[in-house]
Amino acid sequence: MKTPLLTILLILILGPHNAVLAGDDDGHRDRKRWWGSERKEEFWDGPCEVKIESKHGEFKREIKCKDGFGARWSGEWKTEFKDGPCRVKQEAKHDEFKEEVKCE
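What you are looking at is a predicted structure, and each value in this text was computed from that prediction instead of being measured.

Any chance you could break down the overall build of the chain for me, citing the residues and the numbers?
Assigned secondary structure in the chain consists of 1 helix and 6 strands. Along its sequence from the N terminus, the chain presents helices and strands in the succession α-β-β-β-β-β-β. Out of the 104 residues belonging to the chain, those deemed buried represent 19%. Long-range pairs, those at least 24 residues apart, make up 26% of the contacts in the chain with a sequence separation of at least 6.

So this is what it looks like as structure tokens:
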């Protein structure tokens, strides 16, 4: 009688943990997906409009938030850096964020 009860408790305790790990792995695959395929996508993330365009070796993302509402960045800035074989350019304004990645 105790064995089924222990099994059920273990499933209830470990089940959500495994689901969280599985979800994290799926997110990792999504982040790298742009490298191997061409795609053009437009969607809304809360109050912000997101445009993504990619082709082999290039990735562009533009986020516009009306009046800056919902923007996850702060301030206005520009930066350029290398990430492995890729050159990354980012530019942020009050209501707009642009990112461009070009890889060799």
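Further notes follow.
Tell me about the environment of Lys-66, and name the residues and values.
Mapping Lys-66 onto the fold places it in the loop between strand E3 (58–65) and strand E4 (77–83). The sequence separation of Lys-66 and His-94 amounts to 28 residues, and the corresponding C-alpha distance is 9.4 Å.

Run through the packing of aromatic side chains, naming residues and quoting values.
Using the criterion set out here, one finds 2 aromatic pairs in the structure. Grouped by ring-pair contacts, the aromatic residues Trp-73, Trp-77 and Phe-97 constitute a single cluster.

A description of the environment of Trp-44 should follow, citing residues and the corresponding values.
Position of Trp-44 relative to the elements: it lies in strand E1 (residues 39–45). Taking the C-alpha atoms as reference, Trp-44 lies 9.7 Å from Cys-65; in sequence the two are 21 residues apart.

Provide a residue-level description of the pattern of salt bridges, including the pertinent values.
All told, the structure shown has 7 salt bridges when counted by the stated rule. A salt bridge links Arg-39 to Glu-41; the nearest nitrogen and oxygen atoms lie 3.1 Å apart. Between Lys-64 and Glu-62 there is a salt bridge whose closest N-O contact spans 3.3 Å. The exposure class assigned to Lys-64 is partly exposed, which follows from its relative accessible area of 36%.

Reading the values: rules and limits
- Residues numbered from 1 in each chain as written.
- Predicted model: local features only at pLDDT ≥ 70, side-chain atom pairs only at ≥ 80, totals over all residues.
- Heavy atoms only, no water.
- Helix = DSSP H or I, 4+ residues; strand = E, 2+ residues; numbered from the N terminus.
- Buried < 20%, exposed > 50% of the residue type's maximum accessible area, 1.4 Å probe, protein only.
- Contact = heavy atoms within 4.5 Å.
- Phe/Tyr/Trp six-rings, centres within 6.5 Å; stacked < 30°, edge-to-face > 60°.
- Salt bridge = Lys/Arg side-chain N within 4 Å of Asp/Glu carboxyl O.

In short, geometric facts, not functional conclusions.
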